[in-house]
Each structure stands twice: as structure tokens, then as C-alpha cells.
Amino acid sequence: MRKGTEEADIPAGSAFRTFLPRATYPVRVGSFKFDDTELRDNDIVRVYDVLLGYSDCLMATDEILRNILIQPEFQKEMGTAELHYLLGKYCAEWERKAGLKDVSVLAAAYRAGV
């Protein structure tokens, strides 16, 4: 985004990396060959080749997202571009408060006006 490119190579499981920084919710590289039942028994969920903690990452991220989406600016019909822009504003603020930068794709897009 900073170089003005229109496309980016974003790997599987990137939805979790686009929203909240890895520093808060660790994302691990896995394999699509892993046994999902065994992972789930260990409170881990697999998104293709990305491993996430079910309770402490996936559900925690969902809770944060639910709290953001009830804010007044989201209470209208909008397209995905506007939705991602508004989410990016929240991600950028989260990065600022955490003293981090460029760990959220949505925050970077927001700052770049994309």
C-alpha cells in the first residue's frame, strides 16, 4: 500500500491479521493436513494453513469486532469499502494506543486512504 500498488499477496488466514495485530493474538503457521478434531480438542482452530487459539484469539477477536460494529457510525447500510475504511480507523487507533505501527492491514489501508 505504501508503494502505491493496487494488489497485495495476502496468505490464507489473513482476515485475522488484517484486523488485529499478531502481537496481541498470535497466529501460527500450520498445515491443511493437520487433524481438525485434535486441534479443536486443544482449543485451536485452523484456517487452511493458519492456526489460531479458539478461545483466546478467534472468540476474543469476534467480541472486539461485535463491540465495534454496534457503534453509531456502523448503523447504516454501507458497502464493504466503507466498512473496511471504518474498521481501519478503529485498528489504527488500537495500534496508536499500543505503540505499534503497520501490524494491521486495515489500519495501514485507512492511513493510506485506500
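These lines cover the structure that appears in this document, whether it is placed above or below. (Residues numbered from 1 in each chain as written. Predicted model: local features only at pLDDT ≥ 70, side-chain atom pairs only at ≥ 80, totals over all residues. Heavy atoms only, no water.)

## Some words on the packing of helix H4 (residues 80-98) against helix H5 (residues 105-112)
Next up, step 1: Where H4 meets H5, the axes come as close as 7 Å, and the angle between the chain directions of the two elements is 105 degrees. Here H4 is positioned roughly perpendicular relative to H5, judged by the angle of their axes. On H5, the residues that touch His84, Tyr85, Leu87, Gly88, Lys89, Cys91, Ala92 and Glu95 of H4 are Leu106, Ala107, Tyr110 and Arg111.
Next up, step 2: In terms of residue class, the contact of H4 with H5 is built from seven nonpolar, two polar and three charged. (Axes fitted to C-alpha atoms, helices over the stretch in contact; angles between N-to-C directions. Helix = DSSP H or I, 4+ residues; strand = E, 2+ residues; numbered from the N terminus. Parallel < 35°, antiparallel > 145°, perpendicular 65-115°, else oblique. Contact = heavy atoms within 4.5 Å. Nonpolar A, V, L, I, M, F, W, Y, C, P; charged D, E, K, R; others polar.)

## Quick look at the pattern of salt bridges
Next up, step 1: According to the stated counting rule, one finds seven salt bridges in the structure shown.
Next up, step 2: Linking Lys89 and Glu73 is a salt bridge whose minimum nitrogen-to-oxygen distance equals 3.7 Å. Highlighted residues: Lys89 in helix H4 and Glu73 in the loop between helix H3 (54-69) and H4, separated in sequence by 16 residues.
Next up, step 3: For Glu73, a relative accessible area of 24% puts it in the partly exposed group.
Next up, step 4: One salt bridge in this structure joins Arg96 and Glu93, with 2.6 Å as the shortest N-O distance. (Salt bridge = Lys/Arg side-chain N within 4 Å of Asp/Glu carboxyl O. Buried < 20%, exposed > 50% of the residue type's maximum accessible area, 1.4 Å probe, protein only.)

## A closer look at the pairing of strand S2 (residues 44-47)
Next up, step 1: As paired strands, S2 and strand S3 (residues 50-53) are joined by four bridges and run antiparallel to one another. Following the sheet pairing, Ile44 is matched in S3 by Gly53.
Next up, step 2: Between S2 and the antiparallel strand that follows it, S3, lie two residues; Tyr48 among them carries a positive phi value of about 50 degrees. (Pairing = 2+ DSSP bridges.)

## Overview of the packing of H3 against H4
Next up, step 1: Closest axis-to-axis distance for the H3/H4 pair is 11 Å, and the angle between their directions is 110 degrees. Considering their axes alone, H3 and H4 lie roughly perpendicular with respect to each other. Across the interface between the two elements, Leu65, Ile68 and Leu69 from H3 touch Leu83, Leu87 and Tyr90 from H4.
Next up, step 2: Taken together, the residues of the contact of H3 with H4 break down into six nonpolar, no polar and no charged.

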